[in-house]
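Each chain is listed here by its residues.
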Amino acid sequence: GAVVSQHPSWVICKSGTSVKIECRSLDFQATTMFWYRQFPKQSLMLMATSNEGSKATYEQGVEKDKFLINHASLTLSTLTVTSAHPEDSSFYICSARGGDMSEGNFGSGTRLTVV
Amino acid sequence: QKEVEQDPGPLSVPEGAIVSLNCTYSNSAFQYFMWYRQYSRKGPELLMYTYSSGNKEDGRFTAQVDKSSKYISLFIRDSQPSDSATYLCAMREGAQKLVFGQGTRLTINP
């Protein structure tokens, strides 16, 4: 099946620094990628939707200047958490949707801890 | 009212039991229905993918969609300890974004 690689799997950073998370579709072209945030024992919360070559669409309440999303190619999207603070600590997950509209392509997630 | 309602549990059953997981929804335009399994600190894994109403079976898993009642189910037969995880229902309208349920935490006791 289609594989989505997310890196890093975990990261610890100091407050005020920026962190970049990568999401790659390894064997298919992802026309659309999604970025989610998940708090402990809660469901996935969609942060933004990105289409290759265009600006991301952010969900209500998500700061686009804080969570920078780039989808420069059909196989790579990045999420940059800028000026991270402890409240940004969370589990971030990407997913990639290919041309067949399948929904099985989630990354393994990135656990971000801001200290 | 949430678009998708799912009992968060936790649900604990003995090994070998049949597990029934359910979601209800309010948007009659939803067409695609998914069930995901998520282990702790991992991304969701697609288990079942159904378009419109009906049943779908894959090994020990059966998914049912009843659009008239806006109700979907996932059945797990001969449950195993390795099935212990959080199960998330999700659905979408056309090419729109996925809408997730809250997830049900399931434990299968040996």
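Everything numeric in this text was worked out from a predicted model, so none of it was measured.

A. Up close: the interface of chain B and chain A. Chain B puts 20 residues into the contact, and the matching count from chain A is 19 residues. Counting the surface lost from both chain B and chain A, the interface buries some 1,500 Å², and carbon and sulfur atoms represent 55% of this. Of all residues in chain B, B:R41, B:K97 and B:F100 bury the most surface against chain A, accounting for 29% of the area lost on that side. There are one salt bridge connecting chain B and chain A. Two residues, B:K97 and A:E59, come together in a salt bridge whose shortest N-O distance is 2.6 Å. Residue assignment for the side of chain B that touches chain A shows that the elements contributing at least two residues are β4 (32-38), β5 (45-51) and β9 (85-92) of chain B. Considering only residue class, the side of chain B that touches chain A consists of nine nonpolar, six polar and five charged.

B. Spotlight on the state of the cysteines. Residues and elements named next belong to chain A. Enumeration according to the criterion identifies two disulfides over all chains in this entry. Across a sulfur-sulfur distance of 2.0 Å, C23 and C94 are joined as a disulfide pair. Here the S-S torsion is close to 80°, and the disulfide linking C23 with C94 is therefore right-handed. With C23 in strand β3 (residues 19-25) and C94 in strand β9 (residues 90-97), this pair connects stretches of sequence that are 71 residues apart.

Each value, and the rule that gives it
Residues numbered from 1 in each chain as written. Chains lettered and ligands numbered in written order. Predicted model: local features only at pLDDT ≥ 70, side-chain atom pairs only at ≥ 80, totals over all residues. Heavy atoms only, no water. Contact = heavy atoms within 4.5 Å. Buried area = accessible area lost by both parts, 1.4 Å probe. Salt bridge = Lys/Arg side-chain N within 4 Å of Asp/Glu carboxyl O. Helix = DSSP H or I, 4+ residues; strand = E, 2+ residues; numbered from the N terminus. Nonpolar A, V, L, I, M, F, W, Y, C, P; charged D, E, K, R; others polar. Disulfide = S-S within 2.5 Å.

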